[in-house]
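Listed below, chain by chain, are the residues.
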Amino acid sequence: MVEVDHEDGGYDRNKELKLLDETKAGVKGLVDAGLTKLPKIFVHDNHKVNISSSSFSATNVSIPVIDLGSLHEEGNSRHEIVQKVKDAGEKWGFFQVVNHKIPQSVLDEMLDGVRKFHEQDAKVKREFYSRDITKRVFYNTNINFSTSEVNWRDTLYCLLAPGPLDPHQLPSICRDVIIEYLDHLKKLALTLLELLSEALGLEGNYLKNIDCAEGIFMVGNYYPPCPEPELTWGLSSHTDMGFVTILLQDQVGGLQVFHENQ
């Protein structure tokens, strides 16, 4: 366990980061050790946390929801969906899709698979712990560990494409569902790229043809219970680096989107 008093004048951030990293147990390891006070490496600017939370609660807006169920029906359905994608892309850069044809059972099993990976015995999980980002499959806590804010989060990373991935590189506890989920995800990704292409006034296969669908990087984030959640984030504000992110969120919620300065 790593625990540092918030008022400790002799605080050595790099030392505490190194101690946590060497456990190879991540944030979940702190929870399992019975942590009751947040280590200082996780404490963020309290003013910033409170301001962001209050501005979010004052916002009365809804994320755009796009129904893909009528995409292949006769009439103007596809044109209307493309227009909704265009509007959401221009105004939000973010939208929710429904009726996307991925079975709910697969979504539930995928979330459960990531949860099982992070909650399995630390000795089993430790073999995947690494800071080597060239690996196809690895896990750690906070990928930019020493250069940015440390968040209350552990993550499983899987580079699923391009190139053939040996299934045995995936953790056995969630291997089968990752492979099944990937099959469905590819189809949804290609559909979204078609819609985005058409929203840009291009041929439907344009983004696919310039290889925007070649790479698939799966990130399985896990946020265990935090003893002092008001002092930290699970994930700091950021912009994803990938071309398109398809996000699957469990029923706990908590995701925030930055829109019109809110």
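Residues numbered from 1 in each chain as written. Predicted model: local features only at pLDDT ≥ 70, side-chain atom pairs only at ≥ 80, totals over all residues. Heavy atoms only, no water.

*Asks:* Which parts of the structure should I look at to understand the nonpolar core?
*Replies:* A general trend in soluble globular proteins is that nonpolar side chains are found buried together. Residues Leu156, Cys158, Leu160 and Ile178 are the most contacted members of the largest nonpolar core, which totals 36 residues. Elements with a minimum of two residues in this core: helix 4 (77–91), helix 5 (104–119), strand 3 (137–140), strand 4 (154–161), helix 7 (175–199) and strand 5 (216–222). Among the elements that make up this core, the one with the highest residue count is helix 7 (nine residues). When near neighbours in sequence (up to four residues on either side) are disregarded, Cys158 contacts Arg136, Val137, Leu170, Ile178, Ile216, Phe217 and Met218. (Core = buried A, V, L, I, M, F, W, Y, C linked by side-chain atoms within 4.5 Å. Buried < 20%, exposed > 50% of the residue type's maximum accessible area, 1.4 Å probe, protein only. Helix = DSSP H or I, 4+ residues; strand = E, 2+ residues; numbered from the N terminus. Contact = heavy atoms within 4.5 Å.)

*Asks:* Mind showing me how you'd approach the UniProt feature "domain: Isopenicillin N synthase-like Fe(2+) 2OG dioxygenase" (unreviewed entry) in the protein chain here?
*Replies:* According to UniProt, the feature "domain: Isopenicillin N synthase-like Fe(2+) 2OG dioxygenase" (unreviewed entry) maps to residues 218–261 in the numbering used here. Across residues 218–261, the secondary structure splits into 0% helix and 11% strand, with the terminal C-alpha atoms separated by 29 Å. (UniProt positions renumbered as here; feature names shortened; annotations may be inferred.)

*Asks:* Help me understand the sheet that holds strand 4 in this model?
*Replies:* As summarised here, the arrangement of the three strands in space is 3-4-5, forming an open sheet in which the pairing is antiparallel. This sheet does not close on itself; its edge strands, each paired only once, are strand 3 and strand 5. Ignoring which end each strand starts from, the neighbouring axes of this sheet average 15° apart. Helix 5 contacts strand 3, strand 4 and strand 5 of the sheet and is inclined by roughly 65° relative to strand 5. (Pairing = 2+ DSSP bridges. Axes fitted to C-alpha atoms, helices over the stretch in contact; angles between N-to-C directions.)

*Asks:* Can you walk me through the environment of Gln249 in this structure?
*Replies:* Relative to the elements of secondary structure, Gln249 occurs in the segment after strand 5. Separated by 71 residues in sequence, Gln249 and Ile178 place their C-alpha atoms 15 Å apart. Ignoring anything within four residues of it in the chain, the contact list for Gln249 reads Leu111, Gly254 and Leu255. Here the side chain of Gln249 touches Leu255 through a polar contact of 3.1 Å, landing on its backbone nitrogen. (Polar contact = N/O pair within 3.5 Å; in protein donor to acceptor, adjacent residues only side chain to side chain.)

*Asks:* How do you make sense of the UniProt feature "domain: Non-haem dioxygenase N-terminal" (unreviewed entry) in the protein chain when you look at a structure like this?
*Replies:* In the numbering adopted here, UniProt assigns the feature "domain: Non-haem dioxygenase N-terminal" (unreviewed entry) to residues 63–161. Along residues 63–161 the backbone is 35% helical and 18% strand, and the end-to-end C-alpha distance reaches 29 Å.

*Asks:* What's the story with the side chain of His44 in this structure? I'm lost.
*Replies:* Tracing the backbone through its elements, the reader meets His44 in the loop between helix 2 (26–32) and helix 3 (46–57). Reaching out from His44, the side chain makes a polar contact with the backbone oxygen of Val150 at a distance of 3.0 Å.

*Asks:* In this structure, what is going on with the packing of aromatic side chains? I would like to understand it.
*Replies:* Two aromatic rings, taken as a pair, are described by how far apart their centres are and by the angle between their planes. All told, the structure shown has six aromatic pairs when counted by the stated rule. Seen in terms of ring centroids, Tyr129 and Tyr139 are 5.1 Å apart; in terms of plane orientation they differ by 85°. Their pairing is edge-to-face. With a gap of 10 residues between them, Tyr129 in the loop between helix 6 (122–125) and strand 3 and Tyr139 in strand 3 connect regions that are remote in the sequence. Classification of Tyr129 by relative accessible area gives buried; the value is 8%. According to the relative accessible area criterion, Tyr139 is buried, its value standing at 0%. (Phe/Tyr/Trp six-rings, centres within 6.5 Å; stacked < 30°, edge-to-face > 60°.)

*Asks:* How do you make sense of helix 5 when you look at a structure like this?
*Replies:* Each α-helix winds once per 3.6 residues, and so residues spaced three or four apart point in a common direction. Here helix 5 spans 22 Å end to end across 16 residues, near enough to the 22 Å set by a 1.5 Å rise per residue. Turning to helix 5, its buried residues are Val106, Leu107, Met110, Gly113, Val114, Phe117 and His118. The buried side chains of helix 5 occupy one side of the element, clustering within an arc of 125° when seen end-on. If you follow the buried residues of helix 5, they end up packed against helix 2, helix 6, strand 3, strand 4, helix 7 and strand 5. (Expected span 1.5 Å × (residues − 1). Arc of directions from axis to C-beta.)

*Asks:* How should I be thinking about a negative patch on the surface in this particular structure?
*Replies:* Residues Asp108, Glu109, Asp176 and Glu180 make up a contiguous surface patch of negative charge. Those elements giving two or more residues to the negative patch turn out to be helix 5 and helix 7. Relative to the assigned elements, Asp108 resides in helix 5. Among the residues examined, Asp108 registers a relative accessible area of 41% and is labelled partly exposed. (Patch = residues over 30% accessible without salt bridge, like charges linked within 9 Å, V, L, I, M, F, W, Y side chains within 5 Å. Areas by Shrake-Rupley, 256 points an atom, 1.4 Å probe, with all protein chains shown as cover. Salt bridge = Lys/Arg side-chain N within 4 Å of Asp/Glu carboxyl O. Lys, Arg positive; Asp, Glu negative; His and termini not counted. Charge placed at Lys NZ, Arg CZ, Asp CG, Glu CD.)

*Asks:* I keep staring at the pattern of salt bridges and nothing clicks. Help me out?
*Replies:* Side chains carrying opposite charge are able to pair once their charged atoms draw close together. Within this structure, the stated rule accounts for 10 salt bridges. For Glu198, the salt bridge identified is with Arg78, shortest N-O distance 2.7 Å. Of this pair, Glu198 sits in helix 7 while Arg78 sits in helix 4, and the two are 120 residues apart along the sequence. Residue classification places Arg78 among the partly exposed positions, given a relative accessible area of 22%.

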